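A structural walkthrough
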Amino acid sequence: MCFIRCLRRCATGPNPILAKLGLHLSNEPVLGACIGIVASAIVYTTYFFLSGPGHYLVALPRQAGWYFGLAGMVSTVAIFPCFSRLNVSPPP
Amino acid sequence: MLYGEAFALTAALLWGVVPILVRKGLPHANVSVGVLDGLFASLPLLVLVFTFYPRSVIHAVAPQAALWFVLAGISGPCLGRLFNYIGVARLGPVKSTPLVNTAPLFTTVFAVLFLGEHITLKILSGILRIVAGAVVLTGQQRG
């Protein structure tokens, strides 16, 4: 349990740093966020189907699908102000 | 300056809703499917952005910058989201969210190491308060 918490914190921690490094090179927060999400969708979809639980996707109840879909969309929308905040923050 | 803070607060507000939605969906499906569903649900939004954004990606974003954005995407929306959903599934949104909110501590360490940013006393004080808040909330829930 502690391991998962640490992984979550360590996975989220470098995210703004990586985004900021990208924004230093190309000052495009909206496109940067989109590129990141597309990359994460490709990587995760590959992992998901290679790891084998593909049959769960077929059995996903509609209600859960709506909740997870909405959660994903809200998370994605939240990435845009996050990238924009990094963009407007003063240089180091 | 308030402009940047408004963006940060908007992101925090939106992320605050996510654990509740995840918890609502979890009794009916597992975490892996939930993450995939969320990522797929976001794709129409991305198509809209790529279509209607005034500048094309190829011209606006340098390849090196794209690489950093890809890594940011893998660390945040992919790994971060997966572990966040697992945390919500096992601990519940009330217990997992304060722990997730200790992320500024890690971000600050990485910012100092990789961006060479300087920590002021004000920033350090803010981070310590966030972490202390998370510790207090987690301790209270255990007790």
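Residues numbered from 1 in each chain as written. Chains lettered and ligands numbered in written order. Predicted model: local features only at pLDDT ≥ 70, side-chain atom pairs only at ≥ 80, totals over all residues.

1. Remarks on the environment of A132 of chain B
Position of A132 of chain B among the secondary structure elements: in helix α7 (residues 121-142). As a C-alpha pair, A132 of chain B and T102 of chain B span 30 residues in sequence and 9.0 Å in three-dimensional space. (Helix = DSSP H or I, 4+ residues; strand = E, 2+ residues; numbered from the N terminus.)

2. Things to note about the environment of V100 of chain B
Looking at the element boundaries, V100 of chain B is found in helix α5 (residues 93-100). Once the C-alpha coordinates of V100 of chain B and G80 of chain B are considered, the two residues, 20 residues apart in sequence, prove to be 9.6 Å apart.

3. Section: the interface of chain B and chain A
The extent of an interface is frequently quoted as the accessible surface area lost upon association of the parts. Counting from both sides, the interface comprises 71 residues of chain B and, opposite them, 65 residues of chain A. When residues of the side of chain B that touches chain A are traced back to their parent elements, those giving at least two are α1 (2-25), α2 (31-52), α3 (57-60), α4 (63-91), α5 and α6 (103-115) of chain B. Broken down by element, the residue count for the side of chain B that touches chain A peaks at 22 residues, all from α4 of chain B. Across the side of chain B that touches chain A, the residue classes break down as 47 nonpolar, 19 polar and five charged. (Contact = placed C-beta atoms within 7 Å. Nonpolar A, V, L, I, M, F, W, Y, C, P; charged D, E, K, R; others polar.)

4. A word on the packing of helix α3 (residues 29-51) of chain A against α4 of chain B
At a closest axis distance of 7 Å, the pairing of α3 of chain A and α4 of chain B adopts a crossing angle of 60°. When the axes of α3 of chain A and α4 of chain B are compared, the pair comes out oblique. When the axes of α3 of chain A and α4 of chain B are compared, the crossing they make is right-handed. Residues G32, I35, G36, I37, A39, S40, V43 and Y44 of chain A of α3 of chain A pack against A66, F69, V70, A72, G73, I74, G76, P77 and C78 of chain B of α4 of chain B. The residue inventory of the contact of α3 of chain A with α4 of chain B, partitioned by class, reads twelve nonpolar, five polar and no charged. (Axes fitted to C-alpha atoms, helices over the stretch in contact; angles between N-to-C directions. Parallel < 35°, antiparallel > 145°, perpendicular 65-115°, else oblique. Left-handed = near helix turned anticlockwise from the far one by under 90°.)

5. A look at the confidence of the model for chain B
Residue and element names in this part refer to chain B. Overall, the prediction assigns chain B a mean pLDDT of 80, with 93% of residues at 70 or greater. Least confident of the elements in chain B is α5, whose mean pLDDT is 74; most confident is α2, at 87. For this predicted complex, the interface score ipTM comes out at 0.75, alongside a pTM of 0.74. (pLDDT = per-residue confidence, 0-100.)

6. Some points on the confidence of the model for chain A
The predicted model of chain A has a mean per-residue pLDDT of 77, with 79% of residues at 70 or higher. Confidence scores differ between elements of chain A, with helix α1 (residues 2-12) of chain A showing the lowest mean pLDDT of 50 and α3 of chain A the highest of 89.

7. Regarding the packing of helix α2 (residues 15-25) of chain A against α6 of chain B
Axis separation between α2 of chain A and α6 of chain B bottoms out at 8 Å; the angle between their running directions is 35°. Contacts between α2 of chain A and α6 of chain B involve P16, I17 and K20 of chain A on the former and, on the latter, T107, F110, A111, F114 and L115 of chain B. For the contact of α2 of chain A with α6 of chain B, the per-class residue count stands at six nonpolar, one polar and one charged.

8. Considering α5 of chain B
Within an α-helix, residues lying three or four positions from one another point in the same direction, as the helix has 3.6 residues per turn. For α5 of chain B, the set of buried residues is S96, T97, L99 and V100 of chain B. Each buried residue of α5 of chain B sits inside an arc of 165° when the element is viewed along its axis, so together they form one side. (Buried ≥ 20, exposed ≤ 12 C-beta atoms within 10 Å, placed from the backbone. Arc of directions from axis to C-beta.)

9. Examining the nonpolar core
Counting 54 residues, the largest nonpolar core has I35 of chain A together with F69 of chain B as its most contacted members. Of all the secondary structure elements, the ones that give two or more residues to this core are α2, α3 and α5 (62-88) of chain A together with α1, α2 and α4 of chain B. Element by element, the count of residues in this core is highest for α4 of chain B, at 14 residues. (Core = buried A, V, L, I, M, F, W, Y, C linked by C-beta atoms within 7 Å.)

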